[in-house]
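One letter stands for each residue in the lines below.
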Amino acid sequence: MKKEIKYITIDGRGEHESFRDCVTKAVQDLKVNEGIHVIKDFEPFPMYKMMEDKGFDRYIEKISDEEFHVYFTPKTGFEKIKMGEYLNLDDNKIEKIMNIKLNYLRGNISLEAAKMEMKASFEKVTAQEFAICEQYLQQYGITDDVLAERMDEILEIFDGILVSNKLNLPSGHPIRTYLDEVEAIRKILNQMRDLLQKKFIKNQWAELYDQLGEINIHFSRKQNQLFPALEIKGFDKPSKVMWTLENHIRDIIKKAKGYLEADQDDAFLSLQDEVIEMVEDMMVKEEEILYPTSMDLLSDEDFVEMRKGDDEIGYCLIEPPLPYGNRAGENIDISSKNELLKDLENLLQKHGMLPTASNHEVLDVSQGKLTLEQINLIFKHLQVDLSFVDENEIVKFYSDTKHRVFPRSAGVIGRKVQNCHPRESVDTVEEIIRAFRAGEQDEAEFWLEIGGRFIYIIYNAVRDEDGNFRGVLEMMQDVTRIRSLEGSQRLLSWNDKKQDARKEEENHREIKNEYGISKETVIGDLVKEYPFIKEFLFNLSPKFSKLKNPVLFKTMSSIATMEMISERGGFEVQGLIDRIVKEIDSKK
């Protein structure tokens with residue numbers, strides 16, 4: 001029902017490009033007891049979900065088939081949200097905290113007044129209380145953009161009263177692993193602080209930045225493992241806000257590293273305080289808010305399941321942790337358990353209570369007959385990464401290949417696709433889905449150059465035989481090698497005779513380059529002279545990814561030659577040398 005408040009009218013008839021921006025700005029500028037009145041020449045279905053997520057109710061008036069009036073009103077009252085079902089909190093206290101925060105964010109009181117009122121009202125506020133208030137803000141029109149931009153101000157309101165419990169967890173617990181990584185990252189930050197007091201030596205900084213670069217693994221595991229589990233409990237602010245802050249950290253580390261490699265020493269050093277502050281600030285947010293709240297929201301079974309996917313993504317600056325929960329004993333009596341399950345399956349099938357489908361049952365597919373096992377094997381061996389999102393915008397599938405361009409874990413399955421992307425990319429994702437759903441487009445393609453690799457990505461609309469939209473198929477491939485191919489190859493080149501001849505020719509080929517790099521060059525010596533080559537190799541081939549383990553790299557780098565490295569990566573020796581020479585030339 002339309003409410004008796006002041007409405008800001010936006011007439012969007014005929015407008016398409018700037019309309020969304022106008023609505024977004026109106027939401028940001030909205031005052032107490034104000035709503036938004038939209039006029040369109042069609043019913044604006046795409047707006048409904050967006051405005052609902054921002055905390056608005058709607059009332060629709062259809063004037064004619066070509067004129068719709070929609071009144072969006074901020075939700076009033078303190079409505080319990082899903083996240084609150086898992087936390088035992090005082091609703092009256094939460095409502096009081098929310099009122100103070102909203103008064104500040106809407107400009108009704110100053111920061112100092114908000115701090116004074118918060119301290120006068122409460123002796124302490126827990127991490128869980130702080131976190132649920134962040135989740136509540138979207139009901140009152142406070143956008144994720146505002147939260148990301150003003151998070152430091154919001155935290156300042158709670159200065160001196162925000163408390164969190166010290167977590168004492170066993171080795172192998174996923175949260176303990178994150179905390180161990182935080183400790184390792186802090187050691188790097190301390191070394192950076194020490195170096196700032198000393199004479200600048202490039203190689204020392206290059207070594208630290210190689211290690212600091214592993215923070216991407218820390219972020220990736222959070223985004224693919226921890227955040228999806230929290231979303232299920234109704235807590236999606238880490239996905240939407242913290243992910244954005246993590247991208248800012250990635251950007252500034254990349255910027256600083258660029259200065260270092262370009263020998264812009266002053267610019268590099270002037271950026272270090274900001275790098276250290278941003279990383280440290282994120283570690284504090286994790287320790288004080290994210291991890292304690294995660295412990296209260298998630299069950300031990302959630303963490304056991306989470307641990308199963310952690311190894312696939314890897315770890316930041318630490319050794320792989322111990323198994324956790326039932327993983328440690330999952331092989332106990334496994335044969336007897338399997339026999340029991342098999343007997344139970346046969347009994348249920350005998351009485352028609354269980355379908356007889358199995359990995360070996362032949363299924364009719366559109367062009368042929370395959371077993372489920374064969375279908376899975378085909379997906380596993382495709383030289384392209386696939387992901388499928390259904391018509392409800394839920395991630396339903398990704399191909400588990402060995403050469404994935406970007407990491408994935410089972411935690412993304414069943415997750416809203418919008419929450420699987422950085423906030424800066426969500427508009428693009430939603431526009432692709434909208435255009436596909438509306439039948440305006442059938443494909444969208446992108447290409448990226450990342451760390452010496454050329455990545456091709458294409459999205460296709462999936463439609464059934466009646467033309468109904470059923471989802472989006474994403475295909476992604478590293479086409480670096482494909483782009484380098486020339487001429488023709490019409491004969492097999494992998495038989496032993498030809499391979500031996502090629503190796504023999506390569507062994508006698510004279511290698512000349514100004515850097516003296518040959519097949520006998522030890523990779524450790526090369527990295528010592530040109531530190532950026534280490535990351536270049538990581539990005540060149542997924543087969544080099546295991547060398548990201550600092551202990552393994554330290555061991556291998558002192559003995560591995562170019563010949564050994566090229567064999568590991570599936571390159572010809574001279575081809576790899578040529579790429580490295582080209583990379584060094586580009587850094588001059």
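Residues numbered from 1 in each chain as written. Predicted model: local features only at pLDDT ≥ 70, side-chain atom pairs only at ≥ 80, totals over all residues. Heavy atoms only, no water.

## Re the overall build of the protein
Of regular secondary structure, the protein possesses 22 helices and 13 strands. By residue count, 43% of the 588 residues in the protein fall in the buried class. Accessible surface computed for the protein: about 32700 Å², of which carbon and sulfur atoms make up 50%. (Helix = DSSP H or I, 4+ residues; strand = E, 2+ residues; numbered from the N terminus. Buried < 20%, exposed > 50% of the residue type's maximum accessible area, 1.4 Å probe, protein only. Areas by Shrake-Rupley, 256 points an atom, 1.4 Å probe, with all protein chains shown as cover.)

## Points about the pairing of strand 2 (residues 34-40)
Where burial is concerned, most of strand 2 is hidden: 7 out of the 7 residues are buried. In terms of strand pairing, strand 1 (residues 6-11) meets strand 2 through 6 bridges, oriented parallel. Across the sheet, the residue bridging to Tyr-7 is Gly-35, located in strand 2. Pairing between strand 2 and strand 4 (residues 67-74): 5 bridges, direction antiparallel. Along strand 4, the bridge assignment pairs Lys-40 with Phe-68. (Pairing = 2+ DSSP bridges.)

## A few points about the nonpolar core
Ranked by internal contacts, the top residues of the largest apolar core, which has 84 residues, are Phe-158, Met-192, Tyr-209, Leu-226 and Val-275. Here the element with the most residues in this core is helix 11 (residues 265-297); it accounts for 11 residues. Apart from residues no more than four positions distant in its own chain, Met-192 is found in contact with Trp-205, Leu-208, Tyr-209, Leu-212, Gln-272, Val-275 and Ile-276. With 21 residues, the next largest nonpolar core counts Ile-517, Ile-523, Val-581 and Ile-584 among its residues. (Core = buried A, V, L, I, M, F, W, Y, C linked by side-chain atoms within 4.5 Å. Contact = heavy atoms within 4.5 Å.)

## A closer look at the packing of aromatic side chains
Using the criterion set out here, one finds 13 aromatic pairs in the structure. Ring geometry for Phe-130 against Phe-158: centres 5.1 Å apart, planes inclined by 80 degrees, an arrangement best described as edge-to-face. Taken together, the positions of Phe-130 in helix 5 (residues 127-136) and Phe-158 in the loop between helix 6 (144-157) and strand 6 (162-163) put the pair 28 residues apart, joining distant regions of the chain. With relative accessibility at 2%, the residue Phe-130 sits in the buried group. For Phe-158, a relative accessible area of 1% translates into the label buried. Centre to centre, the rings of Phe-379 and Phe-397 are 4.8 Å apart; their planes meet at 55 degrees, and the pair counts as tilted. Here Phe-379 is found in helix 14 (residues 372-381), whereas its partner Phe-397 is found in strand 10 (residues 395-398), with 18 residues between them in sequence. (Phe/Tyr/Trp six-rings, centres within 6.5 Å; stacked < 30°, edge-to-face > 60°.)

## As for the packing of helix 9 (residues 215-232) against helix 12 (residues 300-313)
One way to put it is that helix 9 packs onto helix 12 with a least axis distance of 10 Å and a crossing angle of 155 degrees. One way to sum up the angle between helix 9 and helix 12 is to call them roughly antiparallel. Of the two elements, helix 9 crosses helix 12, and the hand of that crossing is right-handed. Here Ile-217, Ser-220, Arg-221, Asn-224, Gln-225, Leu-226 and Ala-229 of helix 9 lie close against helix 12, whose contacting residues are Met-306, Gly-309, Asp-310 and Ile-313. Split into classes, the residues belonging to the contact of helix 9 with helix 12 amount to 5 nonpolar, 4 polar and 2 charged. (Axes fitted to C-alpha atoms, helices over the stretch in contact; angles between N-to-C directions. Parallel < 35°, antiparallel > 145°, perpendicular 65-115°, else oblique. Left-handed = near helix turned anticlockwise from the far one by under 90°. Nonpolar A, V, L, I, M, F, W, Y, C, P; charged D, E, K, R; others polar.)

## Some details on the sheet that holds strand 3 (residues 56-64)
Judged by pairing direction, the sheet is mixed, and its 4 strands sit side by side in the order 1-2-4-3 without closing on themselves. In this open sheet, the two strands that pair with only one neighbour each are strand 1 and strand 3. Recorded for the sheet is a direction-independent mean angle of 20 degrees between the axes of neighbouring strands. Pairing geometry for strand 3 and strand 4, over 8 bridges, is antiparallel. In the sheet register, Phe-56 faces strand 4, and the bridge partner there is Pro-74. In the packing of helix 1 (residues 19-29) onto the sheet, contacts are made with strand 1, strand 2 and strand 3, and the angle to strand 2 comes to roughly 165 degrees. Running at roughly 155 degrees to strand 3, helix 2 (residues 45-53) makes contact with strand 2, strand 3 and strand 4 of the sheet.

## Comments concerning the sheet that holds strand 13 (residues 469-478)
Here 5 strands make up an open sheet; going across it, the order is 10-9-13-12-11 and the pairing antiparallel. Two strands lie at the open edges of the sheet, namely strand 10 and strand 11 (443-450), each paired on one side alone. Neighbour to neighbour, the strand axes of the sheet diverge by 15 degrees on average, direction disregarded. The sheet contact formed by strand 12 (residues 453-463) and strand 13 spans 9 bridges and is antiparallel.

## Brief notes about the pairing of strand 11
Across 8 bridges, strand 11 lies against strand 12 in antiparallel orientation. Considered in strand 12, the bridge of Ile-450 is made with Arg-453. The turn linking strand 11 back onto strand 12 is made up of 2 residues, and Gly-451 within it adopts a positive phi angle of 55 degrees.

## Here we look at the pattern of salt bridges
Considering all chains together, one arrives at 36 salt bridges under this definition. Between Asp-65 and Lys-62 there is a salt bridge whose closest N-O contact spans 3.0 Å. Each of Asp-11, Arg-13 and Glu-67 takes part in one network of salt bridges that share partners. (Salt bridge = Lys/Arg side-chain N within 4 Å of Asp/Glu carboxyl O.)

## Let's talk about helix 10 (residues 237-261)
Given a rise of 1.5 Å per residue, 25 residues ought to cover 36 Å, and the 36 Å separating the end C-alpha atoms of helix 10 matches this to within 8%. Taking the largest bend as the criterion, helix 10 deviates by roughly 30 degrees, centred on Trp-243. Across the 25 residues of helix 10, 18 count as buried, placing the element largely inside the fold. (Expected span 1.5 Å × (residues − 1). Bend = angle between axes of the 7 residues up to and from the residue.)

## Quick notes on the confidence of the model for the protein
Averaged over every residue, the pLDDT of the protein is 83; the share at 70 or more is 86%. Within the protein, helix 7 (residues 174-196) carries the highest mean pLDDT (95), whereas helix 17 (residues 496-508) carries the lowest (50). In the predicted structure, residues 327-337 sits below a pLDDT of 50 and forms 5 contacts with residues beyond four places in sequence or in another chain. (pLDDT = per-residue confidence, 0-100.)

## Some words on unusual backbone geometry
For Asp-263, which is not glycine, the phi torsion reads 60 degrees and is therefore positive. Here Glu-393, not a glycine, exhibits a phi torsion of approximately 70 degrees, which is positive. With relative accessibility at 14%, the residue Glu-393 sits in the buried group.

## Brief notes about the side chain of Asp-310
Mapped onto the fold, Asp-310 is located in helix 12. Put simply, Asp-310 is tucked away with no salt bridge, and the nearest opposite charge, on Arg-221, sits 4.0 Å away. In terms of polar contacts, Asp-310 uses its side chain to reach the side chain of Gln-225, at 2.9 Å. Excluding anything up to four places from it in sequence, Asp-310 contacts Pro-174, Arg-221, Gln-225 and Tyr-315. (Lys, Arg positive; Asp, Glu negative; His and termini not counted. Polar contact = N/O pair within 3.5 Å; in protein donor to acceptor, adjacent residues only side chain to side chain.)

## Observations regarding helix 1
Within helix 1, burial applies to Phe-19, Val-23, Thr-24, Ala-26 and Val-27. With its buried residues spanning 160 degrees around the axis, helix 1 presents them on a single face. Pointing more than 90 degrees away from the buried face of helix 1 are the exposed residues Asp-21 and Lys-25. Against the buried residues of helix 1 lie strand 1, strand 2, helix 2 and strand 3. (Arc of directions from axis to C-beta.)

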